[in-house]
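Inside the fold
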Amino acid sequence: MIRHLAAAVSLVVLAGCSAGPTGDAPNLTATLSTPVDAELSWRVADKAAAGQVVEYSNAENGPYTILEFLPLSRTTYKHEDLIPQTKFFYRVRPYYGTASPSVELTLPPGEFEESKEFQEWLLPSTRPGPPAHASVRDARGAPTDFTVTMVNPNGVKLTWTDHTTDEEGFLVEIKPDGAPGFSLAAMVDPNVNTYGLVTQPTEKKATYRVRPYRFGEPTTIAALTTGGNL
Amino acid sequence: MARKIPLVAAVLASAGSLALSAPAATAQVETGPWTSVSPGYSVQQQGCGTVSGLTMSLSCSSASGVQRAERRYDTYCDGVRQFQGTFRINSMSGNRISLKQTFGPSDADFMLAVDSSRRLYSVRNGGATIAPAGTAANGVSVTVNTVHSGSEHRIYINGSSRLKYAGLSGCHYDKFGAYRTDSGAGPISVTWSNIRFWRR
């Protein structure tokens, strides 16, 4: 058990870290900067990963919920306005996978209209394709033949060829025009290679890509108990 | 694999069991002691709503009538009650769909809904934002905790406090799934998991 006291706060700070499955030294710490604001700090274990996710749970054994996808350059995270008087457990997991080439598409003007009928193009599906042959950790597993086509002024259909045998799913990533980088648009089940996406008004001009993903080993788990009033 | 789901009119299938005490659990939020409970429920399918296990779908875009695919849990009239569940939207081209309600005594005292920007909001608080646009993107899991104490509702999303307000006193019940709000319309498909209830 390691206990950290945030410098600016002399209130309740209960932060704990448990060793990993192999008894590794803790590589994630969680401290309270206020009774209901947590600050996480960790070391990136594998710089070959594509990115990482910060996850929380109210039980050490989970289930854990992803709070955010982050680039490997990030080693801190603030989880704010936490539920008072509650145990929190955190972990960070790397994820692996090589993205497809990106495709840019500009949609014509048009406000969002609620659909007039059931829209089959939105449903994820698997078209026949060549046998998958690569691991997610192999760059040859990057999806090919990635296409983005307009379905309507606020909807696009994505298709790709899946080459990975062990993906946990696919990440659909989008970079609206002017955005500094890609962000997550959707998480898709494994083996899917056709997907429909309703776009947002800020995504009239955007760049898309798709990435198979598989999570790696998590950091040690860091725990804390919030203070504050209900 | 895509197929149109037939309309199912007002099907109420009893699928629950009576409340049972369970061993103390460890995932609950706020100060206890909490006791895990397992209220019974019925499945509510109306209009174009269908329920398959914990996947609830509205297959139509009708902006009128009752379009519902929900689990309606047993009514409670005492104690402090906590609900926990995680949802994931599979697909959605509709707008303003209720995902979780704390209903009572005669209307939805709390109604968590999602709009087309994937913002979560409270229908009963002037549409107050509970979590910003993009929170409920397709395939992304979102964990919801609600605590109902007397007439007070405390709403938590992904571990953070998002809304607290005074509702109505009296008997209530929890329900979750997909339900077209007065200004909303489907389609939507949403899958819930890790449903837990506690009382103290």
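Only a predicted model underlies this, so the values are computations on that prediction, with no experimental measurement involved.

**With respect to the sheet that holds strand E2 (residues 28-34) of chain A**
Residue and element names in this part refer to chain A. Within the open sheet, the 3 strands sit side by side as E2-E3-E6. Their pairing is antiparallel. The sheet is open, and its two edges are formed by E2 and strand E6 (76-79), each paired on a single side. Put simply, the sheet's adjacent strands are angled 20 degrees from each other on average, direction ignored. Of the strand pairs in this sheet, strand E3 (residues 37-42) and E6 are connected by 4 bridges, and their pairing is antiparallel. Directly across from serine 41, in E6, lies its bridge partner threonine 76.

**Quick notes on the pairing of strand E7 (residues 87-96) of chain A**
Residues and elements named next belong to chain A. Of all 10 residues in E7, 8 are buried, a share of seventy percent or more. Note that strand E4 (residues 51-57) and E7 share 7 bridges and pair antiparallel. In the strand pairing of E7, valine 54 is matched with valine 92. Direction of pairing for E7 relative to strand E15 (residues 221-225): antiparallel, over a ladder of 4 bridges. Bridged to phenylalanine 88 within E15 is leucine 224. Bridge count between E7 and strand E14 (residues 205-215): 2 bridges; the pairing is antiparallel. Looking across to E14, one finds that tyrosine 96 is bridged to arginine 214.

**Concerning the confidence of the model for chain A**
Do not read the predicted coordinates in detail wherever pLDDT is low. The predicted model of chain A has a mean per-residue pLDDT of 89, with 86% of residues at 70 or higher. Confidence drops under pLDDT 50 across residues 1-17 of chain A; counting only partners more than four residues distant or on other chains, this segment forms 42 contacts.

**Points about the interface of chain B and chain A**
On the chain A side, the residues contacting the 34 residues of chain B number 35 residues. When residues of the side of chain B that touches chain A are traced back to their parent elements, those giving at least two are strand E7 (81-92), strand E12 (141-149), strand E13 (152-157) and strand E14 (160-166) of chain B. When residues in the side of chain B that touches chain A are grouped by element, the largest group, 3 residues, is from E12 of chain B. Its residues placed into classes, the side of chain B that touches chain A shows 10 nonpolar, 21 polar and 3 charged.

**As for the domain arrangement of chain A**
Note: interface size is frequently given as the accessible area lost on complex formation between the parts. Residue and element names in this part refer to chain A. Entries for chain A in the domain assignment read domain 1 (15-96 + 216-225) and domain 2 (103-214). The gap between the C-alpha centroids of domain 1 and domain 2 is 28 Å. On the side of domain 2, 6 residues touch domain 1, which itself brings 4 residues to the contact. Split into classes, the residues belonging to the side of domain 1 that touches domain 2 amount to 4 nonpolar, no polar and no charged.

Rules behind the numbers
- Residues numbered from 1 in each chain as written.
- Chains lettered and ligands numbered in written order.
- Predicted model: local features only at pLDDT ≥ 70, side-chain atom pairs only at ≥ 80, totals over all residues.
- Pairing = 2+ DSSP bridges.
- Helix = DSSP H or I, 4+ residues; strand = E, 2+ residues; numbered from the N terminus.
- Axes fitted to C-alpha atoms, helices over the stretch in contact; angles between N-to-C directions.
- Buried ≥ 20, exposed ≤ 12 C-beta atoms within 10 Å, placed from the backbone.
- pLDDT = per-residue confidence, 0-100.
- Contact = placed C-beta atoms within 7 Å.
- Nonpolar A, V, L, I, M, F, W, Y, C, P; charged D, E, K, R; others polar.
- Domains from an automatic or database assignment.

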